[in-house]
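Overview (structure and organization)
As a plain string of letters, each chain reads:
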Amino acid sequence: MIDLPHPFKGRGAASNPEGRFESIRHQAEDDGWQHAMLDEDTPRPRTEVTEERARSAITRNDSPDIYFTQAVNPYRGCEHGCIYCFARPSHSYLNLSPGLDFETKLRAKSNLAEVLRMDLSKPGYVISPINIGSNTDPYQPIEKRWKLTRAVLELLAECRHPCTIVTKNAMVERDLDILAPMARERLVQVFVSVNSLDNQLAAKLEPRASAPHRRIKAIRALAEAGVPVGVLVAPIIPALNDSDMEAVLEQAADAGARCAGYTTLRLPYELKALFREWLALHAPQCASHVMSLVQQMNGGRDYDSDFSTRMRGQGVFAELLRRRFEVACRRHGFARSRELKLDTSLFVPPRKVSPQGELF
């Protein structure tokens with residue numbers, strides 16, 4: 001029997017495996033002294049934020065299954081700690097672990113708005129909606145202090161640049177004073193991710209994100225402020241949270257969501273082992289069933305990176321999810337997520353920062 005690590009309250013990962021680029025491996029051994037004291041004496045890992053000076057602000061992609069071509073991410077790593085997060089393996093590029101490091105050792109791009117201003121003011125810049133939060137959540141808890149997402153929104157509003165936002169944190173309500181005026185000019189659309197209505201499950205899957213019912217309230221607040229808002233049922237994990245799909249869509253529609261989308265679980269690189277470890281700790285009775293269905297949806301593997309199937313899966317169970325989603329969307333009158341057209345004609349390049357300031 002494999003010894004499992006001790007889970008930490010408020011954290012998604014229970015271990016800190018080396019990233020795939022590391023050449024040194026560490027193996028912990030139980031000497032018989034510490035094991036009995038783990039419950040009380042093991043300190044909980046604290047969140048550490050390191051300031052980072054960004055050299056560029058906008059990342060671009062040409063993936064055929066992603067609806068945006070430009071993105072801005074104020075933070076590296078995410079304190080929400082979602083165990084399923086496909087961005088966890090990106091922490092390996094920083095020589096940090098996709099496990100606990102991803103949710104405790106964070107990077108904040110303190111000069112992001114300044115660099116973004118320079119990027120948008122370049123003569124050759126081609127305008128296209130910018131997604132905020134494609135990799136890590138722009139409203140994770142440290143945003144309350146750093147306010148980098150708000151700074152980006154202030155700049156985009158200033159130059160009337162369209163954007164989309166993806167989050168699972170109700171903190172997005174804080175910026176309604178910026179989002180509502182942008183919405184009146186068709187410059188913004190917000191997507192709130194809700195993959196379950198089970199608070200107990202959510203507390204283990206995504207421990208520091210807003211509770212599901214709080215996200216539904218955030219959808220209502222955005223809709224009542226006139227901000228076009230959609231719901232993302234993502235990710236759907238077979239035999240774990242898929243039964244909540246219809247209920248999530250119903251409550252989101254009632255709250256004012258105008259469109260909906262979904263993705264299935266993706267397990268690239270180190271995430272495979274991390275998710276299996278989480279299942280063994282938190283859902284051991286159904287772990288083998290979950291992974292069996294995951295593999296059925298990925299051509300017999302834990303993950304298939306094919307662009308045509310990686311977001312929705314393949315096979316009988318994936319087809320069942322697709323049909324269930326479409327039926328629920330028709331029932332609640334959801335449009336397709338991409339049908340809202342943001343206005344790119346209003347863009348005015350921002351002025352470059354000058355040490356002399358502005359006279360007019």
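Heads up: these notes are all about the structure in this document. (Residues numbered from 1 in each chain as written. Predicted model: local features only at pLDDT ≥ 70, side-chain atom pairs only at ≥ 80, totals over all residues. Heavy atoms only, no water.)

1. Observations regarding the overall build of the chain
The following threshold applies: Segments assigned H or I by DSSP are reported as helices when at least four residues long, segments assigned E as strands when at least two residues long, and all are numbered from the N terminus. It is over C-alpha atoms that the radius of gyration is taken, and the globule rule equals 2.2 Å times the number of residues to the power 0.38. Buried means the residue's accessible area, taken with a 1.4 Å probe over protein chains only, is under 20% of the maximum for its type, while exposed means over 50%, and partly exposed covers the values in between. Working rule for contacts: check all heavy atoms of both residues, and any pair within 4.5 Å makes them a contact. Note on areas: Shrake-Rupley with a 1.4 Å probe; residue coverage comes only from the protein chains shown. All tallies of charge rest on Lys and Arg as positive and Asp and Glu as negative; His and the ends of each chain are not included. Where a charge sits is defined by one atom per residue type, namely NZ (Lys), CZ (Arg), CG (Asp) or CD (Glu).
Along the chain, the regular secondary structure elements total twelve helices and eleven strands. Against the 2.2 N^0.38 benchmark of 21 Å for 360 residues, the chain shows a C-alpha radius of gyration of 21 Å, consistent with a compact globule. Reported as C-alpha extents along the three principal axes, the dimensions of the chain are approximately 70 × 50 × 35 Å. When the 360 residues of the chain are sorted by exposure, 50% land in the buried category. Considering only intrachain contacts with a sequence separation of at least 6, the fraction spanning at least 24 residues in the chain is 81%. Total accessible area on the chain stands at roughly 18200 Å², and carbon and sulfur atoms take up 51% of it. Computed over 48 positive and 45 negative side-chain charges, the separation of the two mean positions in the chain equals 6 Å.

2. Thoughts on the sheet that holds strand β5 (residues 105–109)
Basically, it comes down to this: When DSSP finds two or more bridges between two strands, those strands count as paired.
Spatially, β1-β5-β4 is the arrangement adopted by the three strands of the open sheet, whose pairing is mixed. Each end of this open sheet is capped by a strand with a single partner; those strands are β1 (48–52) and β4 (75–76). Sheet topology note: the β4/β5 ladder contains two bridges and is antiparallel. The partner of Tyr75 across the bridge, within β5, is Ala108.

3. Quick word on the packing of helix α10 (residues 271–282) against helix α11 (residues 287–296)
When two helices pack together, their arrangement is given by the angle between the helix axes and the distance between those axes. The criterion, for reference: Under this scheme, a helix contributes an axis fitted over its contacting stretch, all axes are lines through C-alpha atoms, and angles between N-to-C directions fall in the 0 to 180 degree range. When describing relative orientation, an angle under 35 degrees is termed roughly parallel and one over 145 degrees roughly antiparallel, while 65 to 115 degrees is termed roughly perpendicular and anything else oblique. As a working rule, the residues Ala, Val, Leu, Ile, Met, Phe, Trp, Tyr, Cys and Pro are called nonpolar, Asp, Glu, Lys and Arg charged, and the rest polar, with Gly in that last group.
Where α10 contacts α11, the two axes come as close as 9 Å, and the packing angle between them is 150 degrees. As the angle between them shows, α10 and α11 are arranged roughly antiparallel. In contact with Phe275, Arg276 and Leu279 of α10, α11 contributes Ala287, Val290, Met291 and Gln295. Split by residue class, the contact of α10 with α11 holds five nonpolar, one polar and one charged.

4. Side note on the packing of aromatic side chains
The test is simple: Each Phe, Tyr or Trp ring, with Trp reduced to its six-membered ring, pairs with another whose centre is within 6.5 Å; inter-plane angles below 30 degrees give stacked pairs, above 60 give edge-to-face pairs, and intermediate values give tilted ones. Charges are assigned to positions over rings by a cutoff of 6 Å between ring centre and Lys NZ or Arg CZ, combined with an angular limit of 35 degrees from the ring normal.
Scanning the model with the defined rule gives six aromatic pairs in all. Ring centres of Tyr125 and Phe347 lie 5.7 Å apart, and the angle between their planes is 55 degrees; this geometry places the pair in the tilted category. Placement of Tyr125 in the loop between α3 (112–120) and β6 (130–132) and of Phe347 in the segment after β11 (335–336) is noted, with a sequence separation of 222 residues between them. Across this residue pair, the class does not change: Tyr125 and Phe347 are buried. A cation sits over an aromatic face here: Arg266 above Phe86, 4.6 Å from the ring centre.

5. With respect to the pattern of salt bridges
For clarity, the threshold we go by: Each salt bridge in this description consists of a side-chain nitrogen of Lys or Arg and a carboxyl oxygen of Asp or Glu lying within 4 Å of one another.
What the rule picks out here adds up to 27 salt bridges. Across the salt bridge formed by Lys122 and Asp119, the nearest N and O atoms sit 3.5 Å from each other. Here Lys122 falls in the partly exposed class, since its relative accessible area comes to 47%. Each of Glu143, Arg150, Glu154, Arg174, Asp175 and Asp177 takes part in salt bridges that share partners, so that together they form one network.

6. Remarks on unusual backbone geometry
With the exception of glycine, the majority of residues adopt a negative phi angle, and the majority of peptide bonds are in the trans configuration. In this chain, Ala234 is followed by Pro235 through a cis amide linkage whose omega measures -10 degrees. Positionally, Pro235 belongs in strand β9 (residues 229–236). Of note in this structure, Lys147 is not a glycine but carries a positive phi near 55 degrees. For Lys147, the position within the fold is in the loop between α4 (143–146) and α5 (148–158). A relative accessible area of 46% means that Lys147 is categorised as partly exposed. Residue Arg160 is not a glycine yet carries a positive backbone phi of 55 degrees.

7. Thoughts on the environment of Leu116
By the element assignment, Leu116 lies in helix α3. Leu116 gets classed as buried once you look at its relative accessible area, which sits at 0%. Put simply, Leu116 and Pro74 are 42 residues apart on the chain and 11 Å apart in space, counted from C-alpha to C-alpha. Among residues more than four places away in sequence, those in contact with Leu116 are Ala57, Ile58, Val72, Ile130, Val152, Leu155 and Leu156.

8. Things to note about helix α6 (residues 176–184)
Among the residues of α6, Leu176, Ile178, Leu179, Ala180, Met182 and Ala183 are the ones counted as buried. In the core, the buried residues of α6 are packed alongside α5, β7 (163–167), β8 (188–193) and α8 (212–224). Taken from the residues just after α6, Arg186 is the one with a positive phi, measuring 55 degrees.

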